[in-house]
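Structural overview
Residue-level listing of the chains:
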Amino acid sequence: QEAAKYEKKVMVLDFVTPTPLGNSWGLGGTCVNVGCIPKKLMHQAALLGQALQDSRKFGWQFTEEVQHNWMTMTESVQNYIGSLNWGYRVALREKKVTYENAYGEFVGPHTVKATNRRGVEKLYTAERFLIATGERPRYLGIPGDKEYCISSDDLFSLPYCPGKTLVVGASYVALECAGFLAGLGLDVTVMVRSILLRGFDQDMANKIGEYMEEHGINFIREFVPIKVEQIEEGTPGRLKVVAKSTTGNQIIEGEYNTVLLAIGRDACTRKIGLDKVGVKINEKTGKIPVNDEEQTNVPYIYAVGDILEDKLELTPVAIQAGRLLAQRLYAGATSKCDYVNVPTTVFTPLEYGVCGYSEETAVEKFGEENIEVYHSHFWPLEWTVPSRDNNKCYAKIICNIQDNERVIGFHVLGPNAGEVTQGFAAAIKCGLTKEQLDSTLGIHPVCAEV
Amino acid sequence: MGWEEKQVRGYPEFVQTAQRYHGRPIFALFCGDKDAEGRSWCPDCVTAEPVVRKELHHMPDESVFIYCLVGDRAYWKDPNNEFRKNLKLTGVPTLLKYGTPQKLVEEECFKAELVRMLFTED
């Protein structure tokens, strides 16, 4: 849309290869259809369940037992997503961007082939190309995985309640899904191969795990599934999962209605003909290395989003990179995308907001003697009356002593962590120091004043 | 078989007609009432109607096009009228594909390209 603003002739090729179970979706990419949007809505559904429980302590009286209806929630969520898909179609049309629901792949210099779902092929040439094909969930490669397991691609439009669920993985996708499924009243188990939230501050990751465990989510640590079998067909059916220990020879078995795989995502770069135009990719990870102007090794081909090597896999990052690229190419702008100090939030039952370095990375980069960590537990006022945990919410900042005690890492674990973190991200971008933070008066009574 | 048009006035008649054709693609254009000379109180509806009518032949076979007059200006301005409450309409004219989130509102209905997209979208 940005390039079209500058009078360039633009075309978008968007195509969703169906999941092993046949699921597909509309225009908008992962975030809109099978990522952030439905995730946050379902997380909200779970939070509302908790709020209903708390409400009794605040004086609300209701005698009926409150139930959750999966179909009602899913229908509402999918309806909203549908309106977003439609909104994008209208927006592209209005900005005169040509849209084709077809699978694009390079067939030669400056040329792509677009194949629609009926198999009809068309060729297009262009001056420049932008690849933003994103990623798809990885499967385990064990018997029964593609036939019986689901991924996040299937979960948000599942036409039946998943029931007793085994979530395989310890990524934020795994923990967020496990979190809201349990919040909706389902029996949830998380099977973890080694650590939680690799790449995130481990101190915070462990606190998240602890909280989830104390609130009814079972964790099976240091095991990996080796086989999934179907005991009974159904919606949901019954599945048997056999798992092996990563530290010994122990084998365990379990029965679940649904097995959700969330063990990682693989870049969609292997089947789009990159070899035909000479675009180098990291053979092991499938990611595309680019320079700081999002250009691949082939000058007329650019890439943004989750497929980039060593860049954060976040929607706002991809959007920003794309917009700035168009502005640099067609409007004479010079700003490059800033990948440092990008804030993000994990929407687990106890939300975690972060901007900047984890404690481990800060120590590694600056040396333990050069950083100072300030931290505090806090008890949200809203949690006092319903007697919810008084020592779980937590915040810490990491400061660089050598640079005026500049805040280089901000971490908060508590309700509305995303909202809290956003403001601090702006402050950190401006070079916030500990002294400035101390001299900022707090708003009372809110969690963020800590 | 092509497509057919049904003209209705008011919410209950609209719902009845939509239900009667359940199972077929249903497109609906909502406009303000017309006076004795056939002119609507809603100027945007006057502009949109010919644009929409010109694109009707793009609708898939078996489609039903419901042309619905919502009521007079006072009724429409009431924030609690049934169209606003139950169909979530926010303005007239509105052209929508019944049972889906796909719709075009106000000036969007003036654009033949968008209207065609609504009628032919999968």
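From a predicted model like this one, the values you see are computed outputs, not experimental measurements. (Residues numbered from 1 in each chain as written. Chains lettered and ligands numbered in written order. Predicted model: local features only at pLDDT ≥ 70, side-chain atom pairs only at ≥ 80, totals over all residues. Heavy atoms only, no water.)

1. Looking at the overall build of chain A
Test applied: Strands here are runs of E lasting at least two residues and helices are runs of H or I lasting at least four, both read from the DSSP assignment and numbered beginning at the N terminus. Radius of gyration: over C-alpha atoms. The globule rule applied is 2.2 Å multiplied by the number of residues raised to the 0.38 power. Only protein chains enter the accessibility calculation, which uses a 1.4 Å probe. A residue is then buried if its area is under 20% of the maximum for its type, exposed if over 50%, and partly exposed in between. For this analysis, residues touch if any pair of their heavy atoms sits within 4.5 Å. All accessible areas in this document rest on Shrake-Rupley with a 1.4 Å probe, and a residue is counted as covered only by the protein chains that are shown.
Along its length, chain A carries 14 helices and 22 strands. Whereas a compact globule of 450 residues would reach a radius of gyration of roughly 22 Å, chain A reaches 23 Å, a difference of no more than 12%. Seen through its C-alpha atoms, chain A measures out along the principal axes to roughly 65 × 65 × 50 Å. Here chain A holds 450 residues, and 44% of them are scored as buried. The long-range share in chain A, meaning contacts at least 24 apart out of those at least 6 apart in sequence, stands at 60%. Carbon and sulfur atoms form 51% of the exposed surface of chain A, whose accessible area is close to 22,900 Å².

2. Focus on the overall build of chain B
In plain terms, the rule: The sign given to each residue is positive for Lys and Arg and negative for Asp and Glu; His and the chain ends receive no count. Here the site of a charge means atom NZ of a Lys, CZ of an Arg, CG of an Asp or CD of a Glu.
Helix and strand counts for chain B come out as five helices and five strands. Helices and strands in chain B line up, N terminus first, as β-α-β-α-β-α-α-β-β-α. Rg of the C-alpha trace for chain B: 13 Å, near the compact-globule value of 14 Å for 122 residues, within the 12% margin. Seen through its C-alpha atoms, chain B measures out along the principal axes to roughly 40 × 30 × 25 Å. The buried share of chain B, taken over its 122 residues, is 47%. Here the analysis covers contacts within chain B between residues at least 6 apart in sequence; of these, 64% occur between residues at least 24 apart. When the accessible area of chain B is evaluated, it comes to approximately 6,200 Å², of which 49% is carbon and sulfur surface. Side chains of chain B carry 17 positive and 20 negative charges; the gap between the two charge centres is 2 Å.

3. Section: the interface of chain A and chain B
The condition that has to hold: A simple way to read buried area is as the amount of 1.4 Å-probe accessible surface that goes missing from two parts once joined, with both sides added. The rule for a salt bridge is simple: a side-chain nitrogen of Lys or Arg has to be within 4 Å of a carboxyl oxygen of Asp or Glu. Gly is put with the polar residues, along with every residue not named as nonpolar or charged; the nonpolar set is Ala, Val, Leu, Ile, Met, Phe, Trp, Tyr, Cys and Pro, and the charged set is Asp, Glu, Lys and Arg.
Taken residue by residue, the interface counts 10 residues in chain A and 12 residues in chain B. Taken together, both faces of the contact between chain A and chain B bury some 1,000 Å²; the carbon and sulfur share is 57%. Area buried by chain A at its contact with chain B is led by Trp86, Arg93 and Glu94 of chain A, which between them contribute 60% of it. For the pair chain A and chain B, the number of links is two salt bridges. Grouping the amino acids of the side of chain A that touches chain B by side-chain chemistry returns two nonpolar, three polar and five charged.

4. Examining the sheet that holds strand E15 (residues 258-261) of chain A
Hydrogen bonding along the main chain pairs the strands of a sheet, whether they run parallel or antiparallel. All names here are of chain A. The condition is simple: Here a strand pair is declared whenever DSSP counts at least two bridges between the two strands.
Reading across the sheet, the five strands line up as E8-E15-E9-E10-E11 and stay open at both edges, with parallel pairing between neighbours. Looking at which strands have only one partner, the edges of the open sheet turn out to be strand E8 (150-151) and strand E11 (218-221). Of the pairings in the sheet, the one linking strand E10 (residues 188-192) to E11 comprises four bridges and is parallel in character. Bridge pairing in E11 places threonine 189 opposite asparagine 218.

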